[in-house]
Number of protein chains: 2
Amino acid sequence: MSWFTEAWTPHIKFSVKIKEHLYSETTPFQQLEIYDSFELGRFFTLDGIMMANEKDEFIYHEMMIHTPMSVNPQIEHVLVIGGGDGGSVRELVRYPSIKSIDMVEIDERVVRACQTYFEITTTGLHDPRVTLMFEDGLAYVKNTKKTYDLIVVDSTDPVGPGEGLFSMAFYENCYRILSKDGILINQHESPYFEKESTEMKRAHKKIKSIFPIVEVYQAFIPTYPSGHWLFGFASKVYHPILDMKTPLIQSIGYQTKYYNKELHVGSFALPNYVKNALRDL
Amino acid sequence: MSWFTEAWTPHIKFSVKIKEHLYSETTPFQQLEIYDSFELGRFFTLDGIMMANEKDEFIYHEMMIHTPMSVNPQIEHVLVIGGGDGGSVRELVRYPSIKSIDMVEIDERVVRACQTYFEITTTGLHDPRVTLMFEDGLAYVKNTKKTYDLIVVDSTDPVGPGEGLFSMAFYENCYRILSKDGILINQHESPYFEKESTEMKRAHKKIKSIFPIVEVYQAFIPTYPSGHWLFGFASKVYHPILDMKTPLIQSIGYQTKYYNKELHVGSFALPNYVKNALRDL
């Protein structure tokens with residue numbers, strides 16, 4: 001019996017007992033592994049970092065999608081950058097009011113491997129409103145002529161293929177291709193350990209220089225480093241709390257496992273040490 | 001260079017690189033170890049479980065104390081059960097309005113060792129309002145003739161010396177010795193992994209059968225299993241949100257590192273999966 005170990009820092013390790021190593025592939029962009037485990041069910045890693053597992057992927061994906069959808073239930077056209085496991089798309093297709101979902105993922109192999117070995121997140125990908133494009137998100141937002149009501153940046157950490165998705169040019173192009181009341185959501189790293197905290201500050205500083213409304217919200221994701229994970233909410237007009245509506249996901253009768261109305265508000269209440277780190281950058 | 005490893009479950013391990021093993025003692029009640037580490041600074045363990053470390057102990061202690069103090073700023077007489085590192089007392093002595101703090105810790109050796117090797121949490125123990133008693137908390141609440149406005153159960157997990165502090169008899173005696181508007185706060189385990197989730201449900205069921213107002217709140221504590229840790233708020237009359245005042249800790253000008261007013265409210269907004277686990281027990 002072997003263990004998968006992730007170094008959360010050079011001095012902190014998180015280890016998961018493996019039941020079976022299901023799949024391994026060196027894609028053109030990264031090293032992909034898929035495992036089955038006793039505690040977390042199936043999970044997959046990119047370049048040795050756990051991306052999603054069956055036990056808690058719902059937390060990340062629900063928080064990423066239902067938060068903006070409760071602020072602007074009129075969202076019709078959505079762009080997902082990254083998100084190769086399909087989890088963000090799965091949550092989006094629950095909304096009948098959404099008309100189109102363009103998903104731009106640089107690495108087709110992640111999508112295809114998940115469709116075979118990590119099916120839990122892929123169930124929305126065949127929805128007729130979904131268009132899959134396998135290309136660089138950075139180039140896509142630069143070149144597209146389309147406009148979106150919501151852009152979801154479901155990226156890896158800012159190393160390797162995910163690096164460009166944390167750049168000024170990327171955020172500027174997101175702003176440009178968003179509709180006049182558009183919202184940008186991105187995975188925003190973590191405040192606790194130094195590496196993620198540094199990236200959190202860098203990303204926040206850039207987004208704040210472009211968008212008039214920028215807030216950070218948090219979720220308990222036990223299998224990401226520190227378990228304290230952040231998302232960025234950037235918008236041209238909507239405030240994530242002041243403009244919050246009765247969650248549409250609730251109105252359409254879908255039972256979320258993590259997200260709810262009070263938690264939406266509570267997730268923007270950051271600890272002082274996080275507020276201080278994000279202030280005066 | 002060695003590592004301290006804690007099995008969060010039989011299938012999940014959390015490991016911390018050790019700089020120095022500072023102290024080891026088999027006390028009459030448990031095995032105590034104190035380490036210095038690269039990432040978390042100093043930390044100590046009881047029976048192999050990390051209790052507190054210099055990097056994030058403030059989160060647990062601030063949330064345990066400032067939450068009830070913001071609901072009833074008139075609190076004058078406080079009982080702390082457990083809390084051998086002194087962290088809860090350190091936060092309590094910040095309030096000039098508190099008149100007495102009785103701390104009942106079964107294991108004097110934990111207090112003494114922390115005073116030598118883990119000083120960060122012990123700075124309030126010499127406050128003249130503090131009375132240290134080294135005895136069993138379960139027996140103390142059964143026998144005392146005193147009345148308290150606030151009882152803080154800063155216990156270990158419900159195994160070994162901490163077990164009695166999760167019993168019906170203990171909670172019933174807490175209710176009895178609380179003043180007519182008294183509040184009981186306890187460390188309430190965690191919702192994510194099975195062992196802690198089972199204890200969370202057991203404790204909640206018991207407390208709900210005794211107190212009219214019982215709510216659960218949460219904090220991001222990265223070094224406890226799953227990083228998603230809970231506290232119980234049980235009260236005879238006060239609701240933790242509806243009866244919240246402007247935090248007294250803010251009025252007296254003390255800068256908290258984690259706690260703030262919005263986070264107080266947000267900490268009671270539980271994910272649906274946690275609410276469901278606590279419902280219909």
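What you see is a predicted model, and the numbers here were worked out from it, not measured in a lab.

This part is about the interface of chain B and chain A. At the interface, 29 residues of chain B touch 29 residues of chain A. For the side of chain B that touches chain A, the elements supplying multiple residues, two or more each, are β2 (12–26), α8 (261–267) and α9 (272–278) of chain B. Sorting elements by how many residues they give to the side of chain B that touches chain A places β2 of chain B first, with six residues. In the side of chain B that touches chain A, the residues fall into 13 nonpolar, eleven polar and five charged. In the sheet, strand β2 (residues 12–26) of chain A pairs with β2 of chain B via five bridges, with the strands oriented antiparallel. Among the inter-strand pairings, S15 of chain A is bridged to a residue of β2 of chain B, identified as K13 of chain B.

The next point concerns the sheet that holds strand β9 (residues 148–154) of chain A. Residue and element names in this part refer to chain A. Taking strand neighbours across the sheet as the criterion, the seven strands line up as β8-β7-β6-β9-β10-β12-β11 in an open arrangement whose pairing is mixed. Of all strands in the sheet, those bounded by a partner on one side alone are β8 (130–133) and β11 (213–220). Neighbouring strand axes in the sheet, compared pairwise and without regard to direction, differ in orientation by 15° on average. Two strands pair when backbone bridges link them, and β11 and strand β12 (residues 228–235) are joined in this way by eight bridges, in the antiparallel orientation. In the sheet register, Y217 faces β12, and the bridge partner there is F231. Along the sheet, helix α5 (residues 168–177) makes contact with β9 and β10 (178–187), crossing β10 at roughly 145°. Helix α6 (residues 194–208) contacts β10, β11 and β12 of the sheet and is inclined by roughly 10° relative to β12.

Peptide bonds are trans in most cases, and residues, glycine excluded, mostly fall at negative phi. Residue and element names in this part refer to chain B. Here the phi dihedral of E189 falls at roughly 65°; this positive angle occurs in a residue that is not glycine. Positive phi, close to 80°, is recorded for S226, a residue that is not glycine. In this structure, S226 sits in the loop between β11 (213–220) and β12 (228–235). Residue classification places S226 among the buried residues on the basis of 23 C-beta atoms within 10 Å.

Okay, the relation of the copies chain B and chain A next. The pair of chain copies shares a relation made of a rotation about an axis and a shift along it. With an RMSD of 0.0 Å, the operation that places chain B on chain A is a rotation of 180° combined with a shift of 0.0 Å along the axis. As the rotation angle and translation indicate, the two copies are arranged about a two-fold axis. Identified as the residue of chain B closest to the rotation axis by C-alpha distance is G266 of chain B, at 1.8 Å. Looking at chain B, 100% of its interface residues are interface residues in chain A too, so the copies touch through the same face.

Residue and element names in this part refer to chain A. The complete set of buried residues in helix α3 (residues 108–117) reads V110, A113 and C114. Seen end-on, α3 carries its buried residues on one side only, within an arc spanning 100°. Looking at the buried residues of α3, the elements they touch are β2, β3 (31–37) and β4 (41–46).

What follows deals with the sheet that holds β12 of chain B. Residues and elements named next belong to chain B. What the seven strands build is an open sheet, ordered β8-β7-β6-β9-β10-β12-β11; its pairing is mixed. Of all strands in the sheet, those bounded by a partner on one side alone are β8 (130–133) and β11. Adjacent strand axes in the sheet meet at a mean angle of 15° when their direction is disregarded.

This paragraph deals with the domain arrangement of chain A. All names here are of chain A. Per the domain assignment, the segments making up chain A are domain 1 (3–53) and domain 2 (57–278). Tallying the contact residues gives 20 residues for domain 1 and 20 residues for domain 2. Contributions of two or more residues to the side of domain 1 that touches domain 2 are made by β1 (3–9), β2, β3, β4 and β5 (49–53). Of the residues forming the side of domain 1 that touches domain 2, the biggest block, five residues, is contributed by β5. When grouped by side-chain class, the residues that make up the side of domain 1 that touches domain 2 number 13 nonpolar, four polar and three charged.

Here we take up the environment of I34 of chain A. Tracing the backbone through its elements, the reader meets I34 of chain A in strand β3. The sequence separation of I34 of chain A and L46 of chain A amounts to twelve residues, and the corresponding C-alpha distance is 9.1 Å.

All names here are of chain A. Bridge analysis of β2 against β3 gives seven bridges, and the strand direction is antiparallel. Across the sheet, T26 pairs through a bridge with Q31, a residue of β3. Between the antiparallel neighbours β2 and β3 lie four residues. Two strands pair when backbone bridges link them, and β3 and β4 are joined in this way by six bridges, in the antiparallel orientation. Residue pairing across strands places I34 opposite F44, the latter belonging to β4.

Turning to the nonpolar core, a few remarks are in order. Counting residues in each nonpolar core, the largest one holds 123 residues, and the members touching the most others are V78, I101, I151 and V152 of chain A together with V78, I151 and V152 of chain B. Dropping the residues within four chain positions of it, V152 of chain B is found in contact with M64, I65, V78, V80, G83, S88 and I185 of chain B. In terms of nonpolar packing, the next biggest core, distinct from the first, is built from 33 residues, F14, L40, M51 and V110 of chain B among them.

Quick look at the environment of T147 of chain B now. Residue and element names in this part refer to chain B. Examined against the element boundaries, T147 turns out to sit in the loop between α4 (137–143) and β9 (148–154). Residue classification places T147 among the partly exposed residues on the basis of 13 C-beta atoms within 10 Å. Through-space distance from the C-alpha of T147 to that of C114 is 29 Å; in sequence the pair is 33 residues apart. Sequence-distant contacts of T147, defined by excluding residues within four places in its chain, comprise I177 and S179.

On to the pairing of β9 of chain A. Residues and elements named next belong to chain A. Judged by how many residues are buried, β9 sits mostly within the fold: seven of seven residues are covered. The pairing of strand β6 (residues 77–82) with β9 spans five bridges and is classified as parallel. The partner of G82 across the bridge, within β9, is D154. One ladder, built from five bridges, connects β9 with β10; its direction is parallel. Across the sheet, V152 pairs through a bridge with I185, a residue of β10. You can see the chain leave β9, run along α5 and come back into β10, and the turn it takes is right-handed.

Here is what the cut-offs are and how they apply
- Residues numbered from 1 in each chain as written.
- Chains lettered and ligands numbered in written order.
- Predicted model: local features only at pLDDT ≥ 70, side-chain atom pairs only at ≥ 80, totals over all residues.
- Contact = placed C-beta atoms within 7 Å.
- Helix = DSSP H or I, 4+ residues; strand = E, 2+ residues; numbered from the N terminus.
- Nonpolar A, V, L, I, M, F, W, Y, C, P; charged D, E, K, R; others polar.
- Pairing = 2+ DSSP bridges.
- Axes fitted to C-alpha atoms, helices over the stretch in contact; angles between N-to-C directions.
- Buried ≥ 20, exposed ≤ 12 C-beta atoms within 10 Å, placed from the backbone.
- Least-squares fit on C-alpha atoms with pLDDT ≥ 70 in both.
- Arc of directions from axis to C-beta.
- Domains from an automatic or database assignment.
- Core = buried A, V, L, I, M, F, W, Y, C linked by C-beta atoms within 7 Å.
- Right-handed = clockwise from strand over helix to strand, strands pointing away.

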